[in-house]
Number of protein chains: 2
Amino acid sequence: MTDADGKPQPFARLSREVLVANPWHRYCRDRYVQADGSEGQYFYVDMAGSSATIPVFADGSTVLVHVHRYLLGCDLWEFPIGGMAPGEEPLAVAKKELAEEAGLAAGEWTKLGAFAPYKGVSNEVTHFFLARDLVERAQHLEASERITVHRMPLAEARRVLVGQPLGDGQSMAGLLLLERWLAEGNTL
Amino acid sequence: MTDADGKPQPFARLSREVLVANPWHRYCRDRYVQADGSEGQYFYVDMAGSSATIPVFADGSTVLVHVHRYLLGCDLWEFPIGGMAPGEEPLAVAKKELAEEAGLAAGEWTKLGAFAPYKGVSNEVTHFFLARDLVERAQHLEASERITVHRMPLAEARRVLVGQPLGDGQSMAGLLLLERWLAEGNTL
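Note that the structure is a prediction, hence the values are computed from the model and not measured.

1. Some words on the domain arrangement of chain A
Residues and elements named next belong to chain A. We note that the domain assignment places domain 1 (13-47) and domain 2 (50-183) within chain A. Averaged C-alpha coordinates put domain 1 and domain 2 at centres separated by 29 Å. Of the residues lining the interface, seven residues belong to domain 1; the matching set on domain 2 comes to nine residues. In this structure, the connection of domain 1 to domain 2 is made through zero salt bridges. In this structure, the connection of domain 1 to domain 2 is made through five residue pairs in polar contact (both at pLDDT 80 or more). Of all the elements, strand β3 (residues 39-46) adds the most residues to the side of domain 1 that touches domain 2, at five residues.

Put into C-alpha cells, the structure is as follows:
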C-alpha cells in the first residue's frame, strides 16, 4: 500500500521471511513500515488459529481438562483446545479436540466468538464454540499430552478457571464469550 | 529429573537452544521427555512476561487504548500493556506502559492476578494491576506504535472489550481478574 505521494503506508509489509518452520507453526520475520513511516522488523509466530470448546451437558454441567503445560512447568485448568493446521476449519478442529482431549462428541454446535490470544507476537485467532447434546466416548491423547478430564457444574468450572493462581488466559476469555452469548438472551 | 530407575521424568528438559534472539524475545527449541517417555521437540517463544493495567478514576471511569496490531491487520481495544525485559519487575513495567501508552500516572497500585496468555507456544505470564489515584500526563509512543486513548465508564469499557468481533484475549482475561477482586469484597 502506498499513499498519494507513492510513499508506503504505515503498517504495510515490505517483506516476509520464514525463519523456522515446524509441524506446529512458522516463526517469521517481516520488514514493515512503522507508525512513523520508518522501516522496522517484526518477529512473530505465524499460526493458522486454534479452536476451543465449552461443552455443556443437559444437566448444566461442563467439562474442564487439567493439562500439563511444559512451558509453564505446571498443570492448568482449561477448556479443551487445539491448534489449527493451514486449511483446517475452526469447527472441524473443535470437534476433533473435544473428542481427543475430553472424549466427547456433540450433536449441537454454536459459535460463541473469537479473540486474539497473543496479539503482540502471534497472528493466531482463537475460536470458541459451545457444544451441547453430548455423548461420552474414549479419550485419545498424543504422545506429548498429559490431560485428565473433570466434569463439574458450570458455576464451579468458572470458579476454578478464574481462581487459579496462574490462569489460562484463553479459557478465561472464552468464559466471557459464553457470558456475552447468554446476555444476548440465549439459554443453555 | 529422573525417577527411581534413573529414567528421565516426563516433561524433563533435555536441552535448550536459542534459535533466534531479538530485542523483544527469544525463539527456542527444547528437546524434552514427552508424557509417554519418548523424546520430543518443543518450539516456543521465551518471554520474561508482560504487565497490563486497568486504570480507574475517582468517578468510576477507565481508559481503553485503541491499538493498531500489525499481526492482525486491525485495531483492537485493549487495556494498556507492555512486555517485560529480563530482570524487569511487573509493577515497574505496568507503571512505564501506563505512562507511555495512556499518559497516566497513578498513586495507588493493586495486583489483580496473573495468567498465561498463550500457554502452548509461549512461557509468558501476563500480570494485571489496578491503578487508582490517577493523574493525566502526555502520551509517549514508540516509532512502531499507533495508539489512541479513550476515557469511558467501566461498564462501557467492558461492553467494548467483550463486544469486539475480534477480541483482545489478554484484556478479556484481565476483566475477569478485576471481577474476581471485586467479588472478594473489594471496592473501587
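Now that the structure is up, let's keep going.
2. Some details on the nonpolar core
Within the largest apolar cluster, 46 residues are counted, with the highest numbers of intra-cluster contacts made by A:Ile54, A:Leu112, A:Phe128, B:Ile54, B:Leu112 and B:Phe128. In this structure A:Leu112 touches A:Ile54, A:Phe128, A:Phe129, A:Leu130, A:Leu177, A:Leu178, A:Arg180 and A:Trp181, once residues within four positions along its chain are discounted.

3. Focus: the sheet that holds strand β10 (residues 147-153) of chain B
All names here are of chain B. What the three strands build is an open sheet, ordered β6-β5-β10; its pairing is antiparallel. If you trace the sheet from one side to the other, it starts and ends with β6 (74-78) and β10, each paired once. Neighbour-to-neighbour, the strand axes of this sheet turn through a mean angle of 25 degrees, independent of strand direction. As paired elements, strand β5 (residues 61-69) and β10 share seven bridges and run antiparallel to each other. When the bridges of β10 are listed, Val 63 appears paired with Arg 151. Taken strand by strand, helix α2 (residues 154-163) contacts β5, β6 and β10, and its axis lies near 125 degrees from that of β10.

4. Describing the sheet that holds β3(A)
Residues and elements named next belong to chain A. The antiparallel open sheet is built from three strands, whose spatial order is β1-β2-β3. Edge positions in the open sheet fall to β1 (13-21) and β3, since each of these has one partner strand only. On average, each strand axis in the sheet is inclined to that of its neighbour by 20 degrees, with strand direction left out of account. As paired elements, β1 and strand β2 (residues 26-33) share seven bridges and run antiparallel to each other. Paired with Ala 21 across the strands is Arg 26, a residue of β2.

5. Concerning the state of the cysteines
In the structure shown here, the tally under the stated rule is zero disulfides over all chains. Here A:Cys28 is not disulfide-linked; the sulfur of B:Cys28 is the nearest cysteine sulfur, at 17 Å. This cysteine, B:Cys74, is not joined by any disulfide, and A:Cys28 carries the nearest cysteine sulfur, 18 Å off. Owing to a relative accessible area of 23%, B:Cys74 belongs among the partly exposed residues under this scheme.

6. With respect to unusual backbone geometry
All names here are of chain B. Residue Phe 11 is not a glycine yet carries a positive backbone phi of 75 degrees. Relative to the assigned elements, Phe 11 resides in the segment before β1 (13-21). Classification of Phe 11 as buried rests on a relative accessible area of 9%. The phi dihedral of Asp 133 is positive, around 60 degrees, even though this residue is not glycine.

7. Topic: the interface of chain B and chain A
Taken together, the contact pairs 63 residues of chain B with 63 residues of chain A. The junction of chain B with chain A conceals about 5,300 Å² of combined surface from both sides, 66% of it contributed by carbon and sulfur atoms. Considering only the surface of chain B that becomes buried against chain A, B:Tyr70, B:Leu71 and B:Lys119 emerge as the three largest contributors, covering 17% of it. Viewed at the interface, chain A and chain B are joined by six salt bridges. Taking the shortest distance from any N to any O, the salt bridge between B:Glu179 and A:Arg158 comes out at 3.9 Å.

8. Quick notes on the relation of the copies chain B and chain A
The relation between the two copies of this chain is a rotation about an axis and a shift parallel to it. For the pair chain B and chain A, the superposition axis carries a translation of 0.0 Å, the fit reaches an RMSD of 0.0 Å, and the rotation angle comes to 180 degrees. In the structure described here, the two chain copies are related by an operation that fits a two-fold rotation axis. Residues of chain B ranked by C-alpha distance from the rotation axis are headed by B:Ala173, positioned 2.6 Å from it.

9. Focus on the side chain of B:Ser51
All names here are of chain B. With respect to the helices and strands, Ser 51 occurs in strand β4 (residues 50-55). Among the residues examined, Ser 51 registers a relative accessible area of 0% and is labelled buried. Excluding its chain neighbours within four sequence positions, the residues that come into contact with Ser 51 are Pro 80, Ile 81, Gly 82, Met 84, Pro 90, Leu 91, Val 93, Ala 94, His 127 and Phe 129.

10. Brief notes about the side chain of A:Arg180
Among the structural elements, A:Arg180 can be located in helix α3 (residues 169-183). Nearest to the buried, unbridged A:Arg180 among oppositely charged side chains is A:Glu184, at 4.3 Å. For A:Arg180, the contacting residues outside a window of four places in its chain are A:Leu112, A:Gly113, B:Val162, B:Gly163 and B:Gln164.

Cut-offs used in this document
Residues numbered from 1 in each chain as written. Chains lettered and ligands numbered in written order. Predicted model: local features only at pLDDT ≥ 70, side-chain atom pairs only at ≥ 80, totals over all residues. Heavy atoms only, no water. Domains from an automatic or database assignment. Contact = heavy atoms within 4.5 Å. Salt bridge = Lys/Arg side-chain N within 4 Å of Asp/Glu carboxyl O. Polar contact = N/O pair within 3.5 Å; in protein donor to acceptor, adjacent residues only side chain to side chain. Helix = DSSP H or I, 4+ residues; strand = E, 2+ residues; numbered from the N terminus. Core = buried A, V, L, I, M, F, W, Y, C linked by side-chain atoms within 4.5 Å. Buried < 20%, exposed > 50% of the residue type's maximum accessible area, 1.4 Å probe, protein only. Pairing = 2+ DSSP bridges. Axes fitted to C-alpha atoms, helices over the stretch in contact; angles between N-to-C directions. Disulfide = S-S within 2.5 Å. Buried area = accessible area lost by both parts, 1.4 Å probe. Least-squares fit on C-alpha atoms with pLDDT ≥ 70 in both. Lys, Arg positive; Asp, Glu negative; His and termini not counted.

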